[in-house]
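Each chain is listed here by its residues.
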Amino acid sequence: MTPALTTTQSCTAGERSGRHTEASDAAVTRLALDARDGDRAKTDRFVRALHRDVWRYVAYLSADTQAADDLTQDVFLRALASLPRFEGRSSARTWLLSIARRTVVDSLRHAAARPRLSDRCDWQTAAEQAQPYGVPGFEDGIALAELLAAIPSERREAFVLTQLLGLPYAEAAEAVGCPIGTVRSRVARARTSLIALLTDTHVPAPEPQAPAAPGERAPRGTREEVLAASPA
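Summary of the structure given here. All of these numbers come straight from a predicted model, not from anything done at the bench.

**Points about the packing of helix α4 (residues 68-82) against helix α5 (residues 92-110)**
Okay, so step 1: Closest axis-to-axis distance for the α4/α5 pair is 9 Å, and the angle between their directions is 125°. The angle between α4 and α5 places the two elements in the oblique class. By crossing handedness, the relation of α4 to α5 is classed as right-handed. Residue-level contacts link Leu71, Asp74, Val75, Phe76, Arg78, Ala79 and Ser82 of α4 to Trp95, Leu96, Ile99, Ala100, Arg102, Thr103, Val104, Asp106 and Ser107 of α5.
Okay, so step 2: Of the residues in the contact of α4 with α5, the class split is 9 nonpolar, 3 polar and 4 charged.

This is the structure in structure tokens:
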């Protein structure tokens, strides 16, 4: 097996990625393009650069943290097989998350089951693995993970892509394969649902917002800031 695929979740848990920027996305895309020749060292750098994002995405999307390691490895096996054909027309992160989404969907179809809600223990584990102990926002991360488990999968996916992984709405729409307006609507509905769960009260549906400019990145912050922020 390719050494790069032996990257374990301990690596994922221990490395806290920074905020994604156009420069960081461009750097990751260069890693993907460089790795097309099959060089092991280049492939390893590419896998390590995106392993954490892929693990978090499949864990949230499948609502099954116990299967996240296997799903993540499957994603990279598929991606490495297709890497020679990657031309960099979209960012490598968006390309890889699209593969991750198809991998989760295929897994669910194979199991002949709909996405299930994980129990409290699973989601607490996911939150703990997503950020280190002893830092501001750790407890918020646990609470947010538990809240995300209770909302519809499509809303959870849009929220995770834009608010947790930091993808621009346009790139999230490309990864999901739907119009940007649909992603914005799902994020708004997810935020409304999360606020309602957080306050245990009914929150009116948000009024339509003006479309975001292409490439606009979603705001990030503490649990309250993320939930209360405008979709724009």
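So that's the structure; there's more coming.
**Section: the packing of aromatic side chains**
Okay, so step 1: Scanning the model with the defined rule gives 2 aromatic pairs in all.
Okay, so step 2: Their ring planes at 80° and their centres at 6.5 Å tell us that Phe46 and Phe76 sit as a pair that is edge-to-face. Taken together, the residues Phe46 in helix α3 (residues 40-62) and Phe76 in helix α4 connect sequence positions 30 residues apart. When sorted by exposure, Phe46 lands in the same class as Phe76, which is buried.
Okay, so step 3: With a centroid separation of 4.8 Å and 35° between ring planes, the pair formed by Phe86 and Trp95 is classed as tilted. Residue Phe86 shares its accessibility class with Trp95, and that shared class is buried.
Okay, so step 4: For Arg184, the ring lying beneath its charged end belongs to Tyr169, and the centroid distance is 5.2 Å.

**What to know about the pattern of salt bridges**
Okay, so step 1: Applying the stated criterion to the full structure yields 9 salt bridges.
Okay, so step 2: Between Glu87 and Arg89 there is a salt bridge whose closest N-O contact spans 2.8 Å.
Okay, so step 3: Judged by its relative accessible area of 77%, Arg89 falls in the exposed class.
Okay, so step 4: Note that Arg186 and Glu154 form a salt bridge whose closest N and O atoms lie 3.4 Å from each other. Placement of the pair is Arg186 in helix α10 (residues 180-199) and Glu154 in helix α8 (residues 153-164), with a sequence separation of 32 residues.
Okay, so step 5: The class for Arg186 is buried, based on a relative accessible area of 17%.
Okay, so step 6: For Glu154, a relative accessible area of 45% gives the class partly exposed.
Okay, so step 7: Three or more residues joined by partner-sharing salt bridges are found here, namely Asp25, Asp53 and Arg93.

**Describing helix α2 (residues 22-34)**
Structural remark: α-helix, 3.6 residues per turn; residues separated by three or four positions point the same way.
Okay, so step 1: Here α2 is 13 residues long and its end C-alpha atoms lie 18 Å apart, about the 18 Å a rise of 1.5 Å per residue gives.
Okay, so step 2: What α2 keeps buried is the set Asp25, Val28, Thr29 and Ala32. The buried residues of α2 all sit within an arc of 100° when viewed along its axis, so they share a single face.
Okay, so step 3: Residues of α2 that are buried make contact with α3, α5 and α9 (169-176).

**As for α3**
Okay, so step 1: Along α3, the largest kink reaches about 45° and is centred on His51.
Okay, so step 2: In terms of burial, α3 is a largely internal element, 17 of the 23 residues being buried.
Okay, so step 3: One side-chain oxygen at the N-terminal end of α3 lies 3.1 Å from the backbone nitrogen of Ala41; it belongs to Asp39.
Okay, so step 4: Just downstream of α3 lies Ala63, where phi reads positive at about 55°.

**Let's talk about the nonpolar core**
Okay, so step 1: Counting 48 residues, the largest nonpolar core has Phe46 and Leu96 as its most contacted members.
Okay, so step 2: Elements with a minimum of two residues in this core: α2, α3, α4, α5, α7 (138-148), α8, α9 and α10.
Okay, so step 3: Considering every element that reaches this core, the biggest residue donor is α3, with 10 residues.
Okay, so step 4: Those residues in contact with Leu96, other than ones at most four positions away along the chain, are Phe46, Leu50, Val54, Val75, Phe76 and Ala79.

**Quick notes on the environment of Ser185**
Okay, so step 1: Topologically, Ser185 is positioned in helix α10.
Okay, so step 2: Note: C-alpha distance between Ser185 and Ala158 (27 residues apart in sequence) is 9.0 Å.

**Side note on the side chain of Ser90**
Okay, so step 1: Relative to the elements of secondary structure, Ser90 occurs in the loop between α4 and α5.
Okay, so step 2: Here the side chain of Ser90 touches Glu174 through a polar contact of 3.5 Å, side chain to side chain.
Okay, so step 3: Ser90 has contacts with Thr29, Trp95 and Glu174, leaving out every residue within four places of it along the chain.

Definitions and limits used
- Sequence order as written defines residue numbering, which begins from 1 separately in each chain.
- pLDDT decides what is reported in this predicted model: residues at 70 or higher carry local features, side-chain atom pairs at 80 or more are listed and counted, and totals for whole chains, interfaces and linings draw on all residues regardless.
- Side-chain metrics in this entry use all non-hydrogen atoms of the structure; hydrogen atoms and water are not considered.
- To get an axis, fit a line to the C-alpha atoms, keeping to the stretch in contact for a helix; angles then go from 0 to 180 degrees between the N-to-C directions.
- Labels follow the DSSP assignment, with helices taken as runs of H or I lasting at least four residues and strands as runs of E lasting at least two, numbered in each case from the N terminus.
- Angles are sorted into four bins: roughly parallel if under 35 degrees, roughly antiparallel if over 145, roughly perpendicular if 65 to 115, and oblique for all others.
- Handedness of a crossing follows from how the near helix is turned relative to the far one, being left-handed for an anticlockwise turn of less than a right angle and right-handed for a clockwise one.
- Note on definitions: a residue-residue contact is assigned when non-hydrogen atoms from the two residues lie within 4.5 Å.
- Residues were grouped as follows: Ala, Val, Leu, Ile, Met, Phe, Trp, Tyr, Cys and Pro as nonpolar; Asp, Glu, Lys and Arg as charged; and all remaining residues, including Gly, as polar.
- Planes of paired rings set the category: under 30 degrees apart is stacked, over 60 is edge-to-face and the rest tilted, where pairs are Phe, Tyr or Trp rings (Trp by its six-membered ring) whose centres lie within 6.5 Å.
- Accessibility here uses a 1.4 Å probe with only protein chains present; expressed as a share of the type maximum, an area under 20% marks a residue as buried, one over 50% as exposed, and anything in between as partly exposed.
- Counted as over-ring charges are cases with an Arg CZ or a Lys NZ within 6 Å of the ring centre that also lie within 35 degrees of the ring normal.
- One side-chain nitrogen of Lys or Arg within 4 Å of one carboxyl oxygen of Asp or Glu is enough to make a salt bridge.
- What a helix should span is 1.5 Å times the count of its residues minus one.
- The directions from the helix axis to the C-beta atoms form the arc being described.
- Bend is computed residue by residue as the angle between axes fitted to the seven residues ending at the residue and the seven residues starting at it.
- The definition of a polar contact used here is a pair of N or O atoms within 3.5 Å, where within protein one atom must be able to donate a hydrogen and the other to accept one, and adjacent residues in sequence count solely through side-chain atom pairs.
- Within this scheme, the nonpolar core is defined by two criteria: the residues are buried Ala, Val, Leu, Ile, Met, Phe, Trp, Tyr or Cys, and they are joined through side-chain atoms within 4.5 Å.

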